[in-house]
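Remarks on the overall topology
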Amino acid sequence: MKFDIANMNERERRMVMFGGIAVVALLLLGVVLPLDRSVSSAQTRIEKKQTDLQWMRTVGPELASAGPPVAPPSSQESMLVVVDRAAREAGLGNSLTNSEPSGAGGLRVRLEKAPFGLIVGWLARLADQHGIRVESATMDNAGEPGVVNAGLVLRSQ
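Residues numbered from 1 in each chain as written. Predicted model: local features only at pLDDT ≥ 70, side-chain atom pairs only at ≥ 80, totals over all residues. Heavy atoms only, no water.

**A look at the pattern of salt bridges**
Here is the rule: A pairing counts as a salt bridge when a side-chain nitrogen of Lys or Arg comes within 4 Å of a carboxyl oxygen of Asp or Glu. Per-residue accessibility, obtained with a 1.4 Å probe over protein chains only, is compared with the maximum for each type, and a residue is labelled buried under 20%, exposed over 50%, and partly exposed between these values.
Going through the model one piece at a time under the given rule, you end up with 8 salt bridges. One salt bridge in this structure joins Arg 85 and Glu 77, with 2.2 Å as the shortest N-O distance. Relative accessible area serves as the criterion here: at 32%, Arg 85 is assigned to the partly exposed category. By relative accessible area, which is 38% here, Glu 77 ends up partly exposed. For Glu 112, the salt bridge identified is with Arg 110, shortest N-O distance 2.7 Å. Given a relative accessible area of 30%, Glu 112 falls into the partly exposed group. The class for Arg 110 is partly exposed, based on a relative accessible area of 26%. Within this structure, Glu 10, Arg 13 and Arg 14 form a network of salt bridges that share partners.

In structure tokens, the structure reads:
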């Protein structure tokens, strides 16, 4: 069967023409416009994040200098013991799944299904009371809101 618009009657030509217009309109409305909206939304988010980053870079040194001085370690206990005890006291004992040394004065810690708020409080306490700072951190959602899996590298100062 050969498709030839010249051999069609007027009614069939109109149907083919309107069908083609409908396919193009559906393609525009169903694919191109939503894609354009998502791209412009992503560009807006990126611009906002870049503005926030620029602001953080300008305020960061001021905040760092205004913070409390780093406390010296309170005892001669190993960093592993201090971090483990502080995690248990903060309610993170069941979430603490792995601790291993990471270079001189460093400790790599893994927390599974830990409440984010407890992690922040625990890290602040480590910094204030023991002079232990976060060198690097990776966190991802553990499925529930406010609960994360975290990999941290802590360093004693």
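**A short note on the nonpolar core**
Convention followed: In these notes, a set of buried Ala, Val, Leu, Ile, Met, Phe, Trp, Tyr and Cys residues joined through side-chain atoms within 4.5 Å is what counts as a nonpolar core. A run of H or I in DSSP becomes a helix once it reaches four residues, and a run of E becomes a strand once it reaches two; helices and strands are each numbered from the N terminus.
In terms of nonpolar packing, the biggest core is built from 20 residues, with Val 83, Val 109, Leu 111, Ile 119, Trp 122, Leu 126 and Leu 154 touching the most fellow members. At the level of secondary structure, the elements contributing two or more residues to this core comprise helix H2 (79–89), strand S2 (106–115), helix H3 (116–130) and strand S4 (147–156). Looking at which element gives the most residues to this core, the answer is H2, with 5 residues.

**Overview of the sheet that holds S4**
Test applied: Two strands make a pair as long as DSSP finds a minimum of two bridges between them. Axes, fitted as lines to C-alpha atoms, cover a helix only where it is in contact. Angles between the N-to-C directions of the axes lie from 0 to 180 degrees.
Strand order across the open sheet formed by 4 strands is S1-S2-S4-S3, with antiparallel pairing between neighbours. In this open sheet, the two strands that pair with only one neighbour each are strand S1 (96–101) and strand S3 (132–141). Recorded for the sheet is a direction-independent mean angle of 15° between the axes of neighbouring strands. Two strands pair when backbone bridges link them, and S1 and S2 are joined in this way by 5 bridges, in the antiparallel orientation. In the strand pairing of S2, Asn 98 is matched with Arg 110.

That's the geometry; what it means functionally is another story.
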